Amino acid sequence: MHHLHPSAEAIRHAVQQQRAYLIDSTARLVAAPSFSGAETSACEAMEALLQAQGLATEHLPMDSESLRNHPLFSCPCNPDNNRYNLLAIHQPPSGISQGRKLLFNGHLDVVPTGPAEMWAQPPFAPYEQDGWLYGRGAGDMKGGLACALTALQTLKTMGLQPASLVGINAVVDEEDTGNGTLASLGALHQARLKARYEAFDTVLIPEPFGETVMAAQIGVCWLTVKITGRPTHVAYMNQGLNPIEAGIQIMQVLKQAQDDLNRPENRHPAFAHVAQPININLGKIEGGEWHSSVPCTCTLGIRASFYPDRDADEAVQWFSQLIRQAAQRINPALHIEIDHRGFKAPGCVYDLEAPAMQALQQAHADMHGAAPRHLACTATTDGRHFRLSTPWAVTNYGPIARNIHGIDEAVDIASMLRVTETFVRYIIDQCKVVPLERNARPD
């Protein structure tokens, strides 16, 4: 039937008709503050959007203890506190099962905003301006999740529904550990949901990487380094041992390691053409008690990255040893404690030659006239969990965003519409579609 294979122009028109829905969905999610560890308000907003589409939802609880022995587990930064991931699955009509079984996976948690007075408007008061939708989380990555919602909504308005399983999994804890997606996979492994786990074969993660298809991502670890020195009155500072000054010197050693790892001869092949694939960031520093005292302690919050061919545990130990050796050279009397809470995430290389990934690239080309660019990403995403622990085809593909993790974060509305068009084309071509029952069509 012709209407089961709509043209690119018909898809573009149908998606454009859903622009208001796309913006409203994103805005509802952005307006629900959801820092890592406190995501429930966003989960509730997402659940309302899913249920409004007639999708049954299921809470997949965070259970860090059950994941502790998993090789992709990261030591939590926050207690579980009855938090949950949110799964919704479109079931095809009875007796029909065609095409790929697709799961959209995305995170609802966001990073801190920084000083609210630096934002043009409050960070959780979303607004549209000059084709961009602003607010913390608009880009990373509530706008991408809204694209998945809008793709399903668009199909409904076209009188169509997927002829196979299509799921949306909205997770917590991505920004500091990735344990939310890991918990979802753990729940899907359990007997009562195992049939669903075995049914999926493709995962799309709509992270905001500018309509590129992710080819590889870097590994990431967090280290919290507490340096204890010897306090004294500043008048006798030569008798003291300043841990803040030692921390500055330790960071200089780490920056030299960063430069060495970024030398062309040391790069992983997937990152050969990336200018600076390895980044070691001092994201937080605390220390000192009094202007006129040599301080007692200094604490450094460090994010370090490493190549996909490196074991995460080995990388953590290597960076830890580098820090201890630097402290020993500075002064053997320094006391160093290293806490490994937060990311311990291996990198990975995606198989973009897999048929499902070739099909995604073709869907993009069909809708936008050219193949998407490939990205070797210098950050980590939840894609590693699927790539390293399931047989499913997976990559990241999402809209253009700017200032993610920064001030005045925003997502490009035209780009969200283009991503939604690609998703609709992909579902039609790969998951297949059948007519929507007349009484289920939206007004």
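Reading guide: rules and limits
- Residues numbered from 1 in each chain as written.
- Predicted model: local features only at pLDDT ≥ 70, side-chain atom pairs only at ≥ 80, totals over all residues.
- Heavy atoms only, no water.
- Buried < 20%, exposed > 50% of the residue type's maximum accessible area, 1.4 Å probe, protein only.
- Helix = DSSP H or I, 4+ residues; strand = E, 2+ residues; numbered from the N terminus.
- Phe/Tyr/Trp six-rings, centres within 6.5 Å; stacked < 30°, edge-to-face > 60°.
- Lys NZ or Arg CZ within 6 Å of the ring centre and 35° of its normal.
- Axes fitted to C-alpha atoms, helices over the stretch in contact; angles between N-to-C directions.
- Parallel < 35°, antiparallel > 145°, perpendicular 65-115°, else oblique.
- Left-handed = near helix turned anticlockwise from the far one by under 90°.
- Contact = heavy atoms within 4.5 Å.
- Pairing = 2+ DSSP bridges.
- Polar contact = N/O pair within 3.5 Å; in protein donor to acceptor, adjacent residues only side chain to side chain.
- Salt bridge = Lys/Arg side-chain N within 4 Å of Asp/Glu carboxyl O.
- Disulfide = S-S within 2.5 Å.

Caption draft 1: The arrangement of helix H6 (residues 179–189) in detail. H6 sits mainly inside the fold: nine of its eleven residues count as buried. Inspection of H6 places Asn179, Gly180, Thr181, Leu182, Ala183, Ser184, Leu185, Ala187 and Leu188 among the buried residues, and these make up the whole buried set.

Caption draft 2: Summary view of the packing of aromatic side chains. Summed over the entire model, instances satisfying the criterion amount to nine aromatic pairs. Between tyrosine 127 and tyrosine 134, the ring centres sit 4.9 Å apart and the planes meet at 5 degrees, which makes this aromatic pair stacked. We note that tyrosine 127, like tyrosine 134, is buried. Members of the aromatic cluster, connected to one another through ring pairs, are Phe104, Tyr397 and Phe423. For arginine 310, the ring lying beneath its charged end belongs to tryptophan 318, and the centroid distance is 4.6 Å. Taking NZ or CZ as reference, arginine 402 lies 3.9 Å from the ring centre of tryptophan 132, over its face.

Caption draft 3: The arrangement of the packing of helix H5 (residues 138–157) against helix H12 (residues 413–431) in detail. Relative orientation of the contacting elements H5 and H12 amounts to 50 degrees, with a least axis distance of 8 Å. As judged from the angle between their axes, H5 and H12 are oblique. Between H5 and H12 lies a crossing whose hand is right-handed. Where H5 abuts H12, its residues Gly143, Cys147, Ala148, Thr150, Ala151, Leu152, Thr154 and Leu155 lie against Met416, Val419, Thr420, Phe423, Val424, Ile427 and Ile428.

Caption draft 4: Region of the structure containing the sheet that holds strand S1 (residues 57–61). Pairing is mixed in the open sheet, where six strands are placed in the order S1-S2-S7-S3-S8-S19. Bordering the open sheet on either side are S1 and strand S19 (393–396), each of which pairs with just one other strand. Each adjacent strand pair in this sheet contributes to an overall mean axis angle of 20 degrees, direction not counted. Taken together, the five bridges between S1 and strand S2 (residues 84–90) define a ladder with antiparallel strand orientation. When the sheet's bridge partners are listed, threonine 57 is paired in S2 with alanine 88.

Caption draft 5: Structural context of the environment of serine 7. Considering the arrangement of structural elements, one finds serine 7 in the segment before helix H1 (8–16). For the pair serine 7 and methionine 367, spaced 360 residues apart in the sequence, the C-alpha separation amounts to 9.3 Å.

Caption draft 6: Examining the sheet that holds strand S9 (residues 213–217) more closely. On the basis of which strands lie adjacent, the open sheet formed by three strands has the order S17-S9-S18 and mixed pairing. At either margin of the open sheet sits one strand with a lone partner, and together these are strand S17 (348–349) and strand S18 (374–377). Where S9 lies against S18, four bridges are found, and the strand directions are parallel. Residue glutamine 217 lies in a different strand from S18, and its bridge partner there is cysteine 377.

Caption draft 7: Geometry of the side chain of serine 34. Structurally, serine 34 can be placed in the loop between helix H2 (19–30) and helix H3 (40–52). In terms of polar contacts, serine 34 uses its side chain to reach the side chain of lysine 142, at 2.8 Å. Leave out the neighbours within four places in its chain, and serine 34 touches Glu39, Ala42, Leu108, Asp109, Val110, Phe124 and Lys142.

Caption draft 8: Molecular detail of the pattern of salt bridges. For the coordinates displayed, the defined rule picks out 14 salt bridges. Across the pair arginine 19 and glutamate 128 runs a salt bridge whose closest N-O atoms are separated by 2.9 Å. In this pair, arginine 19 sits in helix H2 while glutamate 128 sits in strand S4 (residues 127–129), placing the two residues 109 residues apart along the sequence. Accessibility expressed as a relative area gives 31% for arginine 19, which makes it partly exposed. Taking relative accessible area as the criterion, glutamate 128 reaches 41% and is therefore assigned partly exposed. Among the ionic pairs, aspartate 313 bridges to lysine 344, the shortest N-O distance being 2.9 Å.

Caption draft 9: Just the environment of serine 41, in detail. By secondary structure assignment, the location of serine 41 is in helix H3. Separated by 67 residues in the primary sequence, serine 41 and leucine 108 place their C-alpha atoms 9.7 Å from one another. Once you skip the residues sitting within four places of it in the chain, serine 41 turns out to touch Ala32 and Pro33. Within polar-contact distance, the side chain of serine 41 engages the backbone oxygen of proline 33 at 2.6 Å.

Caption draft 10: Focus on the packing of H3 against H5. Closest axis-to-axis distance for the H3/H5 pair is 11 Å, and the angle between their directions is 15 degrees. Relative to H5, the element H3 lies roughly parallel. For H3 against H5, the interelement crossing comes out right-handed. On H5, the residues that touch Ala42, Met46, Leu49 and Leu50 of H3 are Lys142, Leu145 and Leu149.

Caption draft 11: Representation of the state of the cysteines. Scanning the entire structure with this criterion turns up zero disulfides. Cysteine 298 supplies the cysteine sulfur nearest to cysteine 296, a cysteine that is in no disulfide, at a spacing of 12 Å.

Caption draft 12: How the structure looks around unusual backbone geometry. At the junction of aspartate 140 and methionine 141, the peptide bond is cis and its omega measures out at -10 degrees in the coordinates. Of note, methionine 141 is situated in helix H5. One non-glycine residue with positive phi stands out, namely asparagine 81, at about 50 degrees. Here asparagine 81 shows up in the loop between helix H4 (64–67) and S2. With relative accessibility at 53%, the residue asparagine 81 sits in the exposed group. You will see that asparagine 82, though not glycine, has its phi angle at about 60 degrees, which is positive. Note that asparagine 82 resides in the loop between H4 and S2.

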